[in-house]
Amino acid sequence: MNFQKILIPVAGVVVVVLAYRFHGWAGVAAAATAIVMWVLLHFTRMMKVLKRAANRPIGHVDSAVMLNAKLRPAMTLMHVVAMTRALGALQSAKGEQPEIFRWTDGGASHVTCTFVGGKLAHHELFRPGEQVAKATAEAAGGPVDRATS
């Protein structure tokens, strides 16, 4: 269960109640103003990220390798979209968990990211050159280079 959906509103109510307890209605006004400012900052950031992503093709990234290097577990989808400056191409059924998105670069390399509850659970890089090199080495009966696997 995602406790942030419960804890953040409860924390807001607690802040307003404590502000009233210690400073009266002036405290409530100050606390409410601070909470509204916090919400507006997050909304503005989300709108800016989505505006940048709207100007790029869906599922395109400049370098899939660089994106793969920057990804960390538990990153939010919004953070990944901000890094790529593009919406990912949805690979899973719409509205179902886990959500799977793919970003592809100009060299046909792609990163597939799995998000569970809006947080990055798994990501995988696919580079077509490595797959061709492995298949060629295996077909020739030669040793497979373990550094690329």
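Refer to the preceding data block for the structure.
Here the residue numbering is sequential within each chain, running from 1 through the sequence in written order. Note on the predicted model: pLDDT of at least 70 is required for a residue's local features to be given, and 80 or more for side-chain atom pairs to be given and counted; whole-chain, interface and lining totals, by contrast, use all residues. With hydrogens and water excluded, all non-hydrogen atoms of the structure serve as input to the side-chain values.

> Looking at this structure, I do not really get the overall build of the chain. What am I missing?
When helices and strands are counted, the chain shows 4 helices and 4 strands. Strands here mean DSSP runs of E at least two residues long; helices mean DSSP runs of H or I at least four residues long; both are numbered from the N terminus. Counting from the amino terminus, helix and strand elements in the chain follow one another as α-α-α-β-β-β-β-α. Any residue under 20% of the maximum accessible area for its type is buried, any over 50% is exposed, and the rest in between are partly exposed; the area is computed with a 1.4 Å probe on protein chains only. Expressed as a percentage of its 149 residues, the buried residues of the chain come to 21%. Carbon and sulfur atoms make up 65% of the accessible area of the chain, which totals about 10200 Å². Using a 1.4 Å probe, the Shrake-Rupley method yields the accessible areas, and only the shown protein chains count as cover for residues.

> I'm lost on the sheet that holds strand 3 (residues 110-116) in this one. Help?
Across a sheet, strands are paired by hydrogen bonds formed along the backbone, either parallel or antiparallel in direction. We call two strands paired when DSSP finds no fewer than two bridges between them. One open sheet accounts for 4 strands, arranged 1-2-3-4; its pairing is antiparallel. Either end of the sheet is taken by a strand with one partner, and the two such strands are strand 1 (89-90) and strand 4 (119-126). Note that strand 2 (residues 99-104) and strand 3 share 6 bridges and pair antiparallel. If you follow arginine 102 over to strand 3, its bridge partner there is threonine 112. Two residues qualify as a contact provided that any one of their heavy atoms is within 4.5 Å of a heavy atom in the partner residue. Structural elements are reduced to axes, namely lines fitted to C-alpha atoms, with helices fitted over the stretch in contact, and the angle between N-to-C directions of any two is expressed from 0 to 180 degrees. Its contacts with the sheet put helix 3 (residues 77-84) on strand 2 and strand 3, and the angle it makes with strand 2 is roughly 10 degrees.

> Would you mind going over the nonpolar core with me for this structure?
Looking at soluble globular proteins, one finds that nonpolar side chains tend to be buried together. One finds Leu71, Trp103, Cys113 and Phe115 to be the most contacted residues of the largest nonpolar core, which totals 16 residues. Only helix 1 (4-54), helix 2 (64-70), helix 3, strand 2 and strand 3 provide two or more residues apiece to this core. When residues of this core are assigned to their parent elements, the largest contribution, 3 residues, is made by strand 3. We define a nonpolar core as any set of buried Ala, Val, Leu, Ile, Met, Phe, Trp, Tyr and Cys residues linked to one another through side-chain atoms lying within 4.5 Å.

> Explain unusual backbone geometry to me, please; I cannot follow it from the model alone.
Residue proline 98 is reached from glutamine 97 by a cis peptide bond, and omega for that bond is -5 degrees. Relative to the assigned elements, proline 98 resides in the loop between strand 1 and strand 2. Here the phi dihedral of alanine 108 falls at roughly 70 degrees; this positive angle occurs in a residue that is not glycine. Structurally, the position occupied by alanine 108 is in the loop between strand 2 and strand 3.

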